[in-house]
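Reading the structure
Here's the letter readout for the chains.
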Amino acid sequence: MIYSSSVMSMVKLLEMEEYLKVNLDLYVQEMQSKLELIKLYQDSLKRETLTTLEEKEEYMSNPLNAFPLLRRLNQDWPKWLRYMKLAISSKKIKEIEVQLKSAPSDDDLKIALKGMTRIEKFYNQHAEDLTKGYLLGKKLNSHLTAPDCVALGNYYYNQTQFSGSTHWYRMALRLHTNPKGMIYEKVLGLKRKRIYKKYAKALLMESIAADKSKLTSTEKSEWNRLAKEVTRDDNYENVKKVIDEYLTGDEKIFQEVAAKLKRKPSKLQRGCRGEWPPKSSPELICRYNRDTSAFLKLAPLKLEILSVQPVILLYHDVLYENEFKSMRDAAIFNASMIDGWTYYDFDQKGNPKWQDRVVKTIGFQGTTAPFTLSINRRLGYMSGLEMRENMMLYLTNYGLGGNFRKHFDYVELAKRPPNFFADSGGDHIATAVLYASDVPLGGTTVFSKLKLAVQPKKGNALVWFNLNHDGKPDPLTEHSVCPVVLGSRWTISKWFHERQQVFKKPCLA
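Basis of the calculations
Residues numbered from 1 in each chain as written. Predicted model: local features only at pLDDT ≥ 70, side-chain atom pairs only at ≥ 80, totals over all residues. Heavy atoms only, no water. UniProt positions renumbered as here; feature names shortened; annotations may be inferred. Helix = DSSP H or I, 4+ residues; strand = E, 2+ residues; numbered from the N terminus. Buried < 20%, exposed > 50% of the residue type's maximum accessible area, 1.4 Å probe, protein only. Phe/Tyr/Trp six-rings, centres within 6.5 Å; stacked < 30°, edge-to-face > 60°. Lys NZ or Arg CZ within 6 Å of the ring centre and 35° of its normal. Salt bridge = Lys/Arg side-chain N within 4 Å of Asp/Glu carboxyl O.

The protein is annotated in an unreviewed UniProt entry as procollagen-proline 4-dioxygenase from Drosophila yakuba. Within the UniProt record for the protein, the comment given under Cofactor (unreviewed entry) is "L-ascorbate".

Comments concerning the environment of Pro-179
By the secondary structure assignment, Pro-179 is in the loop between helix H8 (162-175) and helix H9 (180-186). Classification of Pro-179 as partly exposed rests on a relative accessible area of 47%. Between the C-alpha atom of Pro-179 and that of Leu-37, which follows or precedes it by 142 residues, the distance is 8.8 Å.

A look at the packing of aromatic side chains
Here the structure, examined in full by the defined rule, presents 16 aromatic pairs. Taking the centre distance of 5.6 Å and the plane angle of 85° together, the rings of Trp-80 and Tyr-83 count as edge-to-face. Taken as a pair, Trp-80 and Tyr-83 lie in helix H3 (residues 63-84) at a separation of three residues, close to a single helical turn. By the burial criterion, Trp-80 is buried, and Tyr-83 matches it. Relative to Tyr-156, the ring of Tyr-155 lies with its centre 6.4 Å away and its plane at 65°, an arrangement referred to as edge-to-face. Take Tyr-155 and Tyr-156: they sit in the same class, and that class is buried. Looking at Lys-34, its charged tip hangs above the ring of Tyr-83, at a distance of 4.6 Å from the centre. One Lys or Arg, Arg-170, reaches over the ring of Phe-254 and ends 3.8 Å from the middle of that ring.

Examining the pattern of salt bridges
This model, assessed by the stated rule, comprises 20 salt bridges. Arg-232 is paired through a salt bridge with Asp-234; the nearest N and O atoms lie 2.6 Å apart. You can call Asp-234 exposed: its relative accessible area is 58%. Across the pair Lys-240 and Asp-244 runs a salt bridge whose closest N-O atoms are separated by 2.9 Å. Highlighted residues: Lys-240 and Asp-244, both in helix H12 (residues 236-247), separated by four residues, approximately one helical turn. Judged by relative accessible area, which is 25%, Lys-240 ranks as partly exposed. Residue classification places Asp-244 among the partly exposed residues on the basis of a relative accessible area of 26%. One network of salt bridges, with partners in common, ties together Glu-54, Arg-328 and Asp-329.

This is the structure in structure tokens:
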């Protein structure tokens, strides 16, 4: 149609543009609404400026900072990218997509979730306290959000630990409120209705798990049917009404009920919580060590004897800051720094079995760098053992809730392969752990059978002998590392080989 040939025809163009203006206004309103949500999210991400490596490490050593950041990068930011696609250029979209390719993987998130639940269980923490920024009674300038709580609830639920999931779903509902609730609904797809259903199903499954041994097969089938019923949309209002009544209750009541159902803490958990009484004995003394090296007669080391059988020694102020920083800087820029390891058992060949990726470690051969030579020399002074032919040092940094399970540093006699002594250099006669950082909460080295707990203190070194004076493994040296709660736990470790000590092995009788 040609409009310009008639004024009356051109009148129709006014109507056309009015229609387009209305749609443009609607688009502006929609974009304004999007922009308001983006700004709200932007405000929620604000934090103090972190410039130095030390400031960044301190920030990430708080699990209530580290876990939400890791989860956001894995779960939220891809959704925000889709949400913002109409608002920013395709070039910028591609740049963000490239960046997100390096974001934490699902496996990484699973490890972080396991670390968070480890902290919660080991130290008897409550979901409400963690969401408000409390760690072992210490208030921190951090908190958890509704999506964080849902992720933790889902982790527990998927592990069939329903009693653990209910508290997190309940906290998610308490935190899923406007204005942030709009972000959760419109951008992240986390609808409040969905959390109601998850919470209701978890409550039912928790009841089934608690009464499993008492229920008949018919009753179990009925419970399972009811658990499926709560997911039906036509039953949602009834479910919501019941749960809303739950939510009017004081959270302290839920905590008291949960406390009655919890298992008695293990010996290890008690040690990690600091519940063991301090050891006292005339044999446990503090003194200057001038005996294990001629050099120590000029520069003795501060020694604390923690145990006589087995021998466990704690040296004070024996690691210099510049030595640790040299090792750390070398590790940061070394591409061969491998995923962490935990071992508590050995295969038939006497090799350690690697288990949970809860730390990262790197080995330094120790024959060239000045810092490794000086550390090895000092370890020789402390232990009185021969260092030549075994200069390897291991630098380790613990992750979110990082720990080591109970294990021995020796190979049990029944598991030693033929020619074990000749092929491997013998067993680990002794172990040394140098603490390269302070750990404000958690990270304690625990000898459960001795009820001995050693808190990491920067500059100190823990040395113990794994074998008796007759060369047999000492089961009392079984040890573990409690989950790190707050702080970046750095250690430098060394194992002393038995064969090297043929002419220098001290009598431990």
